[in-house]
Amino acid sequence: MSGHRAPSLLLNDEQKMLSKTAHEFIRERAPAGRIRTFRDSEDQVGFSRELWNEMAELGWLGLQIPEEYDGLGLGFFDLCVVLEQSGRELMPEPFVSTLLLGTQALLLGGTEAQKKTLLPGIAAGETLVTVGYEEGGRHGDHSKVETVARESAGGFELSGEKIQVLDGHLADRIIVSAATSDADFTLFMVDPVQSGVTITRQNRIDGLNSAIVRLDRVSIGRDSIVGDLDGGAKLLRAVFDRASVGLAAQMLGGSEQAFADTIEYIKEREQFGVPIGSFQALQHRSVSVFTEIALTRSVVLAAARAIDEAPDDVPKLASLAKATASETFLHAAKEAIQMHGGIGVTDEHDIGFYIKRAQAAYMTFGTPSQHRQRWAELHGY
Amino acid sequence: MLLKYGNHAQRAQHLPGIARGEVRWCQGYSEPNAGSDLANLQLKAERDGDEFVLNGQKIWTSHAHLSDWIYCLARTDPNAPKKQMGISVILADLDTPGITVRRIDLISGYSPFCETFFDNVRVPVANLVGKENEGWTIAKAILGHERSSIGRSIARQPGSAQREVVARARKHLGVVEGAIPDPLLRDEVAALGMREEAFHLTLARIQQGAESGTPGPEGSITKIVGTELKQKRFELGMKVAGVQGLGWEGPGFDDDDLEYTRDWLRSRASTIEGGSSEIQKNIVSKRVLGLPEGGK
Ligand SMILES: Cc1cc2nc3c(=O)[nH]c(=O)nc-3n(C[C@H](O)[C@H](O)[C@H](O)COP(=O)(O)OP(=O)(O)OC[C@H]3O[C@@H](n4cnc5c(N)ncnc54)[C@H](O)[C@@H]3O)c2cc1C
């Protein structure tokens with residue numbers, strides 16, 4: 001992108017409308033405090049199926065899915081408009097697992113049959129598809145995979161363990177990475193009802209739902225390959241790029257909401273007989289958060305636009321968006337707690353949920369320093 | 001300023017010379033006790049018939065030693081109830097008797113700035129711009145214009161800051177191509193490159209918003225971000241040069257490095273001049289975030 005004309009970074013009228021509708025719907029129906037309710041009631045689902053179905057009816061889940069698979073056939077940019085709003089209230093619904101990981105893996109690497117079977121159900125809110133790639137212990141390096149796929153008579157036999165698989169407890173399909181040669185791995189579609197699959201639910205700080213997925217000699221056919229045999233690294237990288245941008249849009253929303261709540265709070269809260277928002281120390285730090293959010297908005301919009309219109313720019317801009325949004329969200333969430341004072345560190349107040357999500361999102365799909373390293377490589381230094 | 005606030009005679013007298021590039025002007029706003037708190041200015045202008053008599057001092061008048069005319073903010077009513085009132089904009093020919101100009105040396109060794117002293121300087125009342133005692137409005141308008149243009153004007157080409165630092169790193173670390181060997185340094189350069197890209201995309205977004213008739217509030221932060229970016233660029237450019245960046249003049253240092261070092265020193269002023277970053281943040285807090293007025 002450097003040196004070229006900048007892409008359009010504005011929302012068109014329909015997108016503005018979509019943003020507004022989503023904002024109002026989510027604020028009213030899905031406030032961040034739900035995370036506490038799901039946690040404390042030990043809800044088996046961990047999010048609202050009804051809400052997910054309603055959003056499907058509104059067309060939001062199929063925004064980017066092509067019309068031939070019952071979607072609306074719009075762009076990734078449009079999806080990001082909704083993702084930003086979902087991020088404001090930290091929605092635990094399966095946006096990341098299904099719309100970012102599963103759907104993008106299918107769109108980028110799925111066979112016609114896989115797409116036909118799964119995408120319409122995703123758009124309708126009925127089908128959940130996730131990707132299991134995390135094995136732990138390698139600090140975000142997903143290129144070395146311990147899960148193995150051995151060739152067998154009818155296809156492959158998978159053995160290994162994936163951790164923190166988002167929405168793995170409910171997913172209808174789990175796409176997993178498994179080593180198929182010394183050099184590379186392959187992505188395989190697994191149906192969790194198959195024998196040899198064990199799912200154990202996990203509890204994380206951020207209210208997103210996840211599970212350990214254990215594979216013990218799970219037999220699958222060759223038609224379960226997603227993408228190319230031994231082509232997993234490249235495909236997963238492309239899926240992560242898109243997922244990073246979508247997650248960055250959610251982080252942008254989370255930053256904005258944490259910041260808006262904080263500004264409102266420091267205007268109201270009085271100490272020393274005046275609103276604490278009149279203190280310059282807090283004012284200047286608020287301006288810093290405001291500034292970071294403004295910069296983040298620009299990079300997220302540019303990266304989302306590139307996915308639809310300038311594929312060559314995607315690696316650089318995805319890394320830029322993920323690194324920037326990760327730093328901004330964590331910064332905004334920390335400042336939000338500090339400016340709320342004691343109430344900010346209580347479980348009773350919702351603001352504490354923002355730092356938990358910020359930390360989780362920061363660690364997902366590569367940390368800022370990993371993305372900076374990639375940026376440097378892409379720029380030849 | 002003259003275009004918008006000058007009267008017909010003033011425009012006829014001055015604009016042609018400015019347009020032809022023959023007559024140079026400098027800005028006389030700041031004073032020793034009126035920097036961030038500009039409204040505290042004290043340059044006195046007393047009416048005496050159809051002349052003003054100016055007494056006092058201006059500082060930071062850029063290029064005053066090379067200029068022909070100065071436009072000053074002066075106090076025409078010392079008894080006004082608020083310090084923002086009672087200020088007027090007055091034009092003066094720098095050749096007028098009583099004006100002396102002294103150059104200020106900056107830490108960079110450059111001296112494009114001056115102190116300008118006024119000792120019973122007489123200028124015709126016709127040199128008053130706008131209405132007497134209502135100069136503050138004009139001053140604020142010009143400052144606003146200056147601030148919004150600073151962020152944009154230091155922006156340069158997208159990617160140029162990163163390229164500059166990478167080139168200096170290659171030169172001084174002797175790595176012709178490939179990765180910068182020090183991973184921590186590379187991380188800092190990448191952080192700079194990302195910041196630069198984010199800044200340019202933000203400028204583009206502001207521009208697009210303005211063109212589509214929906215300007216957002218982000219314009220207010222470009223000076224803060226742009227000047228910090230500029231300083232970071234020079235800091236990193238100095239860091240990669242190691243001791244070769246320590247030259248002031250003379251043997252053992254090449255011209256590019258000597259100039260770069262001077263520019264690094266000059267860059268420290270960018271977060272002070274044209275309204276310091278702190279003052280910008282005060283303005284954004286109030287005007288954009290709507291935070292309450294507090295201790296100044
Ligand atoms: C290179 C250069 C070129 C310049 N060119 C011109 C020119 O052409 N014409 C002209 O008129 N002036 C010019 N200036 C002057 C410039 O506008 C002032 O230097 C600037 O406004 C700061 O004023 P000061 O230097 O008196 O610092 P001060 O106002 O004394 O500020 C000192 C420090 O205190 C901080 N501070 C002050 N008030 C507050 C507050 N309310 N809240 C928080 N922090 C605060 C400042 O941010 C700064 O960090 C120039 C200055 C420089 C350095």
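Calculation criteria
- Residues numbered from 1 in each chain as written.
- Chains lettered and ligands numbered in written order.
- Predicted model: local features only at pLDDT ≥ 70, side-chain atom pairs only at ≥ 80, totals over all residues.
- Heavy atoms only, no water.
- Helix = DSSP H or I, 4+ residues; strand = E, 2+ residues; numbered from the N terminus.
- Buried < 20%, exposed > 50% of the residue type's maximum accessible area, 1.4 Å probe, protein only.
- Contact = heavy atoms within 4.5 Å.
- Buried area = accessible area lost by both parts, 1.4 Å probe.
- Salt bridge = Lys/Arg side-chain N within 4 Å of Asp/Glu carboxyl O.
- Polar contact = N/O pair within 3.5 Å; in protein donor to acceptor, adjacent residues only side chain to side chain.
- Nonpolar A, V, L, I, M, F, W, Y, C, P; charged D, E, K, R; others polar.
- Domains from an automatic or database assignment.

## Let's talk about the side chain of R233 of chain B
All names here are of chain B.
Moving on, step 1. Along the chain, R233 falls in helix α6 (residues 222-241).
Moving on, step 2. Exposure remark for R233: the relative accessible area of 7% places this residue in the buried category.
Moving on, step 3. Not counting the four nearest positions on each side in its chain, R233 is found in contact with R156, A161, E164, V165, L192 and Y260.

## Some details on the interface of chain B and chain A
Moving on, step 1. Contact residues are listed per partner, giving 46 residues for chain B and 44 residues for chain A.
Moving on, step 2. For the pair chain B and chain A, the summed buried surface comes to about 3600 Å²; carbon and sulfur atoms form 66% of the total.
Moving on, step 3. Counting the surface chain B buries against chain A, the share from its top three residues, M194, L201 and R205 of chain B, is 19%.
Moving on, step 4. The tally of links between chain B and chain A comes to 2 salt bridges.
Moving on, step 5. Residues R372 of chain A and D187 of chain B are paired through a salt bridge, measuring 2.8 Å at the closest nitrogen-oxygen approach.
Moving on, step 6. Counting the contacts that link chain B with chain A gives 16 residue pairs in polar contact (both at pLDDT 80 or more).
Moving on, step 7. Of all the secondary structure elements, the ones that give two or more residues to the side of chain B that touches chain A are α4 (160-173), α5 (183-211), α6 and α8 (277-288) of chain B.
Moving on, step 8. Element by element, the count of residues in the side of chain B that touches chain A is highest for α5 of chain B, at 17 residues.
Moving on, step 9. Within the side of chain B that touches chain A, the residues separate by chemical class into 21 nonpolar, 13 polar and 12 charged.

## Some thoughts on the domain arrangement of chain A
Residue and element names in this part refer to chain A.
Moving on, step 1. With domains assigned, chain A is organised as domain 1 (13-128), domain 2 (131-230) and domain 3 (233-378).
Moving on, step 2. On a C-alpha basis, the centres of domain 1 and domain 2 stand 23 Å from each other.
Moving on, step 3. The interface of domain 1 with domain 2 comprises 24 residues on the first partner and 21 residues on the second.
Moving on, step 4. For the pairing of domain 1 and domain 2, the buried interface totals around 1600 Å² over both sides, and the portion due to carbon and sulfur atoms is 60%.
Moving on, step 5. When the area that domain 1 buries against domain 2 is broken down by residue, the three leading residues are L101, Q114 and L128, summing to 29%.
Moving on, step 6. Linking domain 1 with domain 2 are 0 salt bridges, by the criterion used here.

## Quick notes on the pattern of salt bridges
Working definition: two side chains of opposite charge can pair if their charged atoms are close together.
Moving on, step 1. Tallied over the full model, the rule gives 42 salt bridges over all chains.
Moving on, step 2. Of the charged contacts, one joins E84 of chain A and R297 of chain A as a salt bridge, the two residues approaching to 2.6 Å between their closest N and O atoms. Of this pair, E84 of chain A sits in helix α4 (residues 76-88) while R297 of chain A sits in helix α8 (residues 280-309), and the two are 213 residues apart along the sequence.
Moving on, step 3. Look at R297 of chain A and you get buried, because its relative accessible area is 18%.
Moving on, step 4. When the shortest N-O distance is used, the salt bridge between E31 of chain B and K58 of chain B registers 2.9 Å. With E31 of chain B in the loop between β1 (25-28) and β2 (44-48) and K58 of chain B in strand β3 (residues 51-62), the pair connects residues that are 27 residues apart, well separated along the chain. Accessibility assignment for this pair places E31 of chain B and K58 of chain B in one class, buried.
Moving on, step 5. The network of salt bridges with shared partners includes R36, R39, D40, D347 and D350 of chain A.

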